[in-house]
Amino acid sequence: MTSHTVTFTARFANDTEIENWDKHVTANPNGGNLLQSAAFAAVKRNFGWDVRHLVLEPRGSHGGEAGEHEAQPSYNLVLEKSVPLLGRFWYLIKGPDVAAAEQVPAALAAVKEFVLRERLGVFAVKIEPDIVDSDSSRALLAGAGLVKVPNLQPNDSTAILDISTEPRLILKSLHSRGRNAVRRAEREGVEVVEAEPTLENYRTMHALMTGTLNSKSRTGVQVRSFDYYRQFWTEFTQRGQGRLYFVYENGRPSVGAFVINYGRKGTYKDGGSLQKRTQYGDSHLVQWTAINRVKELGCTEYDFCGTPPADRLKDTSHPFHGLGLFKTSFTKTVTDFVGCWDFVIDPLRYRAWTTAGERIARQLYTRRTGQQFY
């Protein structure tokens, strides 16, 4: 199969497709991403973004053998901002979801053709495909005229665990540090509770997060407002796609985790803990419990959602160093994705955006709402 020979057409999804959005997204070539979900779309609508549902359809192959990926449409969530004087800016979050890096330029050519034909006024598209980082992938994107920009999502470098086998073999596959911590916590009677999705429990979870992550310089993670997380957690739990876990110590929650099952992917989305705890392996047992649960729900991989890049795992100055140590105690392998790139449709307006427009837009939005722009 010569995947680079595929061309695409782009269109907005129809009402029926939007009603069945998650079914379509999880059937994408890479299985979709929770940040392309209906739940996440509902959250971002309330936090400064307009939502578009974009469909990329293969137009066929020229000169290559027919392949299974070539006949597969790709459903992608687009977050849209209207920028005064410049027009519209699109963030193709965790997309485009195509079968191979070689298909990204063709997908974006279809997006540009669609934008111009429908006169949508979009001057640039930020993309973030889950394509593994490599010199060849970067060269391909740069060669197609894309501009590398700072990454936005914490899991552009991440630890991913294969959970497709039986639990006994998964446990055996863990790094010895993680496996020993899980076994000791089980032996010493640490109990993990799947907590009810109540307002009180959400407040407790947010308090654990702000207690753990209250220093950006120490962890590199910014905790958003409680209102943001309350809606985020509610949207996913109401769809059966999210679960909250606590470990208790001395009658109060000491470790919390919010874990998402979306398609074949489980994700450790949010976590927090008390700094001073006595139960060894409690955080490890929370993860092991969540892994087994999402496996029961049909997931075959588990994303620990954020580590330092593979080449900086031992760098103690990296803001994710501590998180990386914990997450790589389950799987030694770190996957680096290509991260964020800008696809320029209107060079003049894009130059104005990068010179001052984006910085001003971010400052104004944060000042007005107290929320993060992206």
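Use the structure listed above.
This write-up is about the structure you can find in this document.

What counts, and at which threshold
- Residues numbered from 1 in each chain as written.
- Predicted model: local features only at pLDDT ≥ 70, side-chain atom pairs only at ≥ 80, totals over all residues.
- Heavy atoms only, no water.
- Pairing = 2+ DSSP bridges.
- Helix = DSSP H or I, 4+ residues; strand = E, 2+ residues; numbered from the N terminus.
- Axes fitted to C-alpha atoms, helices over the stretch in contact; angles between N-to-C directions.
- Contact = heavy atoms within 4.5 Å.
- Phe/Tyr/Trp six-rings, centres within 6.5 Å; stacked < 30°, edge-to-face > 60°.
- Buried < 20%, exposed > 50% of the residue type's maximum accessible area, 1.4 Å probe, protein only.
- Lys NZ or Arg CZ within 6 Å of the ring centre and 35° of its normal.
- Expected span 1.5 Å × (residues − 1).
- Core = buried A, V, L, I, M, F, W, Y, C linked by side-chain atoms within 4.5 Å.
- Salt bridge = Lys/Arg side-chain N within 4 Å of Asp/Glu carboxyl O.
- 1 Å grid on protein atoms, 1.4 Å probe; cavity = no way out; pocket = protein on both sides within 12 Å on 5 of 7 lines; lining within 4 Å.
- Points joined across faces, edges and corners; volume = space filled by probe spheres on them.
- Nonpolar A, V, L, I, M, F, W, Y, C, P; charged D, E, K, R; others polar.
- Polar contact = N/O pair within 3.5 Å; in protein donor to acceptor, adjacent residues only side chain to side chain.

Read across the sheet, seven strands follow the order E8-E9-E10-E11-E12-E7-E13 without closing on themselves; strand pairing throughout is mixed. Pairing within the sheet leaves two strands with one partner each, and these edge strands are strand E8 (192-195) and strand E13 (334-336). Put simply, the sheet's adjacent strands are angled 30° from each other on average, direction ignored. Of the strand pairs in this sheet, strand E11 (residues 265-273) and strand E12 (residues 301-303) are connected by three bridges, and their pairing is parallel. Bridging across to E12, Lys265 finds its partner in Glu301. Taken strand by strand, helix H10 (residues 226-238) contacts strand E9 (242-249), strand E10 (252-262) and E11, and its axis lies near 55° from that of E10. On top of the sheet, helix H11 (residues 282-296) reaches strand E7 (157-162), E8, E9, E10, E11 and E12; it is set at about 30° to E10, its chief contact.

Let us look at the packing of aromatic side chains. Enumeration over the complete set of coordinates arrives at 24 aromatic pairs. Here Phe89 and Phe123 contribute two aromatic rings whose centre-to-centre distance is 6.0 Å and whose plane-to-plane angle is 35°, an arrangement assigned as tilted. Here the residue Phe89 occupies a position in strand E4 (residues 87-92), and Phe123 occupies one in strand E5 (residues 122-127), the gap between them amounting to 34 residues. Aromatic side chains Tyr302 and Phe304 sit 4.9 Å apart centroid to centroid with 75° between the ring planes, which places their arrangement in the edge-to-face category. The residues Tyr302 and Phe304 share a single accessibility class, namely buried. Put simply, the rings of Phe40, Phe47, Tyr202, Tyr228, Tyr229, Phe232, Trp233, Phe236 and Phe258 pair up and form one aromatic cluster. A cation over a ring is seen here: Lys81 above Tyr365, with NZ or CZ 4.1 Å from the ring centre. Taking the ring centre of Phe232 as reference, the NZ or CZ of Lys269 above it sits at 4.6 Å.

Along the chain, Asn201 turns up in helix H8 (residues 199-212). Not counting chain neighbours up to four residues away, the residues in contact with Asn201 comprise Ala195, Glu196, Leu244 and Phe246.

In a regular helix each residue adds 1.5 Å, so 13 residues correspond to 18 Å; H10 covers 18 Å between its end C-alpha atoms and thus fits that length. Considered for burial, the residues of H10 that qualify are Phe226, Tyr228, Tyr229, Gln231, Phe232, Trp233, Glu235, Phe236 and Thr237. Gly240 lies just past H10 and shows a positive phi near 75°.

Before going further, it helps to examine the nonpolar core. Phe40, Leu79, Phe123, Phe232, Trp233, Phe236 and Trp353 are the most contacted members of the largest nonpolar core, which has 48 residues in total. Per-element accounting of this core gives the leading share, six residues, to H10. Among the nonpolar cores identified, the runner-up in size contains 29 residues, and Leu56, Ile127, Leu141 and Trp341 belong to it.

This part is about the pattern of salt bridges. In the structure shown here, the tally under the stated rule is 22 salt bridges. Note that Glu113 is salt-bridged to Arg117, the shortest N-O span being 2.9 Å. Of the two residues, Glu113 and Arg117 are both situated in helix H4 (residues 104-117); the distance of four residues between them amounts to about one turn of the helix. Note on Glu113: relative accessible area 40%, which makes it partly exposed. The partner of Arg312 in a salt bridge is Asp315, and the shortest N-O contact between them spans 2.8 Å.

Evaluated as defined, the whole model comprises two cavities of 30 Å³ or more. Empty space within the largest cavity amounts to approximately 50 Å³. In this structure, the largest cavity is lined by Asn30, Gly32, Asn33, Gln36, Lys94, Pro96, Asp97, Pro129, Asp130 and Lys265. Residues of the lining of the largest cavity, tallied by class, amount to two nonpolar, four polar and four charged.

So, on to the environment of Leu56. As for its position among the elements, Leu56 is in strand E2 (residues 50-60). Here Leu56 falls in the buried class, since its relative accessible area comes to 0%. For Leu56 and Phe226, which are 170 residues apart along the polypeptide, the C-alpha to C-alpha distance reads 35 Å.

Before going further, it helps to spend a moment on the environment of Asn14. Following the sequence through the fold, Asn14 ends up in the loop between strand E1 (7-12) and helix H1 (15-19). A relative accessible area of 38% places Asn14 in the partly exposed class. Separated by 41 residues in the primary sequence, Asn14 and Val55 place their C-alpha atoms 9.4 Å from one another. A polar side-chain atom of Asn14 sits 2.8 Å from the main-chain amide nitrogen of Glu17.

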